[in-house]
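Examining the three-dimensional arrangement
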Amino acid sequence: MSTADAGEKKFRFNAGWLQEWGIYVAFSLFVLYCLFFGGALFHDPTTWRNLFTQNADKGLIALGMTLIIIAGGIDLSLGSLLAFVGALGMLAMNRLVETGMPPDQAALMGIGGMVALGGVFGAVNGLIVTWGRVTPFIATLVGLLVYRSLTLSAAKGGTVTTTPEAGDFLAKLATSGPELPFFQGRNGQPIEFSYSAILFIVVALILGYILNYTAFGRHMIAAGSNERAATYSALPVGRIRFWTYVIGGACAGLGAWVATSRLTSVGANTTGQNYELEAIAAVVIGGTLLTGGKGRILGTVIGVLFLGLITIVMLAAEIDNFLQGALKGLIILIAVLIQRSSNRR
């Protein structure tokens, strides 16, 4: 073996190691930096609790996006879909309260409607991609425009709000939760780990199990890795991809509940804006190949938390808020370059 060949092989090995373990090492070092040099803010357990709570909605979308990308697709419409089903859920709550239904029951019905409608519209995306044979990028780009336009129409260009009683129940259901043992906030009060953060973790565990320990998970990887080989192996590639879009839409519905619970409202222009891009960033940073066929749920979770922690650090350091996108874009570029280097032959 020549010196050049040996050097190229070593480079591929290093790039492969970075792709496999780099995100975990980088995130661990970043957490240690925040703990030792970030000041009192990062000594407060509330900050770390908020890291999960404030990014649960984006995280849920990223989890659904992971399966879609692994199976060889992509969905640019999930952020707009989150806003649309969130607005429809809020309008449904208001109508149910007007008919005399108790606000808590109306809120639960609205949440169920968000998840169900998310799955339905995800199925629409899946049918357009698989049955209509439209390129996923184009099909879901159209979905992005359509769902955002429908949200603007439903909100009449403004904001959809719900009744105070239903809104309070909605917010409490998402932001409250069991108390964390052995931890207290700065004021000495116990810290609650929100149900929205628990939902994020539970969905990650379920999808991780599906991906790693079920036939459907192995079929997703096969479909995304080599569509022709999967087809010759009698795998229903179209059906596999269709169900990943359904799962992604349902995750957007869950994210709608989490996102709308913060302000008990849906902003037609703001809710879910750029969430699909944040999700793709987290997925790529977590080690999932944009070309499909390889990915991991744990990596996506770490990618979501990593991007969220960057935002907290930049806000604490009073760095220009408009530079956050540039920094995240640079991180995505580095992750893609590592992926490309590790796949060189």
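This write-up is about the structure you can find in this document.

1. A closer look at the layout of surface pockets
If you add up the space inside the largest pocket, you get close to 600 Å³. What lines the largest pocket is a set of 24 residues, among which Lys-58, Glu-278, Thr-311, Gln-324 and Lys-328 lie closest to the centre. For the lining of the largest pocket, the elements supplying multiple residues, two or more each, are helix 3 (56-70), helix 12 (275-285), helix 13 (297-316) and helix 14 (324-342). Here the residues of the lining of the largest pocket are counted per class, giving 12 nonpolar, 8 polar and 4 charged.

2. Some points on the pattern of salt bridges
This structure, assessed with the given rule, holds 3 salt bridges. A salt bridge links Arg-95 to Glu-98; the nearest nitrogen and oxygen atoms lie 3.9 Å apart. Taken together, the residues Arg-95 and Glu-98, both in helix 4 (residues 78-98) and 3 residues apart, mark about one turn of the helix. Judged by relative accessible area, Arg-95 falls into the exposed class, the value being 56%. Residue Glu-98 is classed as exposed on the basis of its relative accessible area of 63%.

3. Observations concerning the environment of Gly-167
Tracing the backbone through its elements, the reader meets Gly-167 in helix 7 (residues 164-175). C-alpha of Gly-167 to C-alpha of Leu-254: the two residues are 87 residues apart in sequence and 16 Å apart in space.

4. A look at the environment of Ala-230
As for its placement among the helices and strands, Ala-230 is situated in helix 10 (residues 227-232). Placed 10 residues apart in sequence, Ala-230 and Met-220 show a C-alpha to C-alpha distance of 9.6 Å. Excluding its chain neighbours within four sequence positions, the residues that come into contact with Ala-230 are Ala-222, Ala-223, Leu-235 and Val-237.

5. As for the packing of aromatic side chains
According to the stated counting rule, one finds 10 aromatic pairs in the structure shown. A centroid spacing of 6.3 Å and a plane angle of 90° characterise the contact between Phe-27 and Phe-306, whose relative ring orientation is edge-to-face. With a gap of 279 residues between them, Phe-27 in helix 1 (residues 3-37) and Phe-306 in helix 13 connect regions that are remote in the sequence. Across the pair, Phe-306 and Phe-27 agree in class, each one buried. Centroid distance Phe-30 to Phe-306: 5.6 Å. Interplanar angle 90°. Geometry classified as edge-to-face. Here Phe-306 lies in helix 13 and Phe-30 lies in helix 1, a separation of 276 residues in the sequence. Across the pair, Phe-306 and Phe-30 agree in class, each one buried. Joined through ring pairs, the aromatic side chains of Phe-27, Phe-30 and Phe-306 make up one cluster.

6. Focus: the packing of helix 5 (residues 103-130) against helix 11 (residues 237-263)
The contact between helix 5 and helix 11 brings their axes to 7 Å, and the two run at 150°. The angle between the axes of helix 5 and helix 11 places the two elements in the roughly antiparallel class. When you trace helix 5 past helix 11, the crossing you get is right-handed. Where helix 5 abuts helix 11, its residues Ile-111, Met-114, Val-115, Gly-118, Gly-119, Gly-122, Ala-123, Asn-125, Gly-126, Leu-127, Val-129 and Thr-130 lie against Gly-238, Arg-241, Phe-242, Tyr-245, Val-246, Gly-249, Ala-250, Gly-253, Leu-254, Ala-256, Trp-257 and Thr-260. Along the lines of polarity and charge, the residues of the contact of helix 5 with helix 11 split into 13 nonpolar, 10 polar and 1 charged.

7. Side note on helix 12
Most of helix 12 is tucked away: 9 of the 11 residues are buried. For helix 12, every residue scored as buried is listed here: Tyr-275, Glu-276, Ala-279, Ile-280, Ala-281, Ala-282, Val-283, Val-284 and Ile-285. Within two residues after helix 12, Gly-287 carries a phi angle of roughly 105°, on the positive side.

Cut-offs used in this document
Residues numbered from 1 in each chain as written. Predicted model: local features only at pLDDT ≥ 70, side-chain atom pairs only at ≥ 80, totals over all residues. Heavy atoms only, no water. 1 Å grid on protein atoms, 1.4 Å probe; cavity = no way out; pocket = protein on both sides within 12 Å on 5 of 7 lines; lining within 4 Å. Points joined across faces, edges and corners; volume = space filled by probe spheres on them. Helix = DSSP H or I, 4+ residues; strand = E, 2+ residues; numbered from the N terminus. Nonpolar A, V, L, I, M, F, W, Y, C, P; charged D, E, K, R; others polar. Salt bridge = Lys/Arg side-chain N within 4 Å of Asp/Glu carboxyl O. Buried < 20%, exposed > 50% of the residue type's maximum accessible area, 1.4 Å probe, protein only. Contact = heavy atoms within 4.5 Å. Phe/Tyr/Trp six-rings, centres within 6.5 Å; stacked < 30°, edge-to-face > 60°. Axes fitted to C-alpha atoms, helices over the stretch in contact; angles between N-to-C directions. Parallel < 35°, antiparallel > 145°, perpendicular 65-115°, else oblique. Left-handed = near helix turned anticlockwise from the far one by under 90°.

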